[in-house]
Amino acid sequence: MPNIKMILEPIQDLESIYGVNLDKNYVDFLTDTPHEDPKKKGINYFDPLRKKNFKTSICTFFQPKISNFGGLLLEDDFYAPDELIENKIIPFGMDAGGYLFCFDYRKNKIPSVVLWIRDNPSGKDITDIAINFDEFLKKLEPEEETDF
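Residues numbered from 1 in each chain as written. Predicted model: local features only at pLDDT ≥ 70, side-chain atom pairs only at ≥ 80, totals over all residues. Heavy atoms only, no water.

Novice: Honestly, the sheet that holds strand E4 (residues 72–75) in this entry has me stumped. Any pointers?
Specialist: Either a parallel or an antiparallel arrangement is found when strands of a sheet pair, and the pairing is made through backbone hydrogen bonds. Strand order across the open sheet formed by three strands is E3-E4-E5, with antiparallel pairing between neighbours. The sheet is open, and its two borders are formed by strand E3 (65–66) and strand E5 (78–79), each paired with just one other strand. (Pairing = 2+ DSSP bridges. Helix = DSSP H or I, 4+ residues; strand = E, 2+ residues; numbered from the N terminus.)

Novice: Looking at this model, I keep getting lost on the nonpolar core. Mind explaining?
Specialist: Within soluble globular proteins, side chains that are nonpolar tend to cluster in buried spots. Leu 22, Leu 72, Phe 92 and Phe 136 are the most contacted members of the largest nonpolar core, which totals 41 residues. The residues contacting Leu 22, other than those within four sequence positions of it, are Ile 11, Leu 14, Glu 15, Val 27, Ile 90, Phe 103 and Tyr 105. (Core = buried A, V, L, I, M, F, W, Y, C linked by side-chain atoms within 4.5 Å. Buried < 20%, exposed > 50% of the residue type's maximum accessible area, 1.4 Å probe, protein only. Contact = heavy atoms within 4.5 Å.)

Novice: What should I look at first to understand the packing of aromatic side chains in this one?
Specialist: Aromatic ring pairs: the centre-centre distance and the angle between the two ring planes describe each pair. Inspection of the entire model under this criterion finds 17 aromatic pairs. Look at Phe 61 and Phe 133: their rings are 6.4 Å apart centre to centre, the planes differ by 80°, and that puts the pair in the edge-to-face class. Taken together, the residues span a long stretch of sequence, with Phe 61 in strand E2 (residues 52–61) and Phe 133 in helix H4 (residues 133–139) at a distance of 72 residues. Note on Phe 61: relative accessible area 14%, which makes it buried. Ring geometry for Phe 103 versus Phe 133: centroids 5.9 Å apart, planes at 55°, classification tilted. Note that Phe 103 is positioned in strand E7 (residues 100–104) and Phe 133 in helix H4, a separation of 30 residues in sequence. (Phe/Tyr/Trp six-rings, centres within 6.5 Å; stacked < 30°, edge-to-face > 60°.)

The quantities given are spatial measurements derived from coordinates; they are silent on function.
Printed below as a string of structure tokens:
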């Protein structure tokens, strides 16, 4: 069972500093008892630059916290990019290629889920994934096994 206090305090700090409320289903997900591992599941997305559908999988869920220097620390030495945070886009996970799954607060207090495709030019680097975190989890599909 995760230490709820160690998870909730950094989340409350993040919410206070950035003026957002993280999706309750995400907070529940982080504090919940063991559950099916969504890291082994894929999700489809549309790349607006290439105008094609792709599939990726989430390999890391972040338990974000505010660092001693005031930045949003996602993992050990990995900070959330300023360009996202300044636009109220809060990363919560990453795929194996370094693309970030994020909560998007730009249009609504209830965040949608987007994928930040870091190698696309500015303005074409964010694509919609789901209307909220619960829908994101529902969209995850089992990854196909590959025999080598």
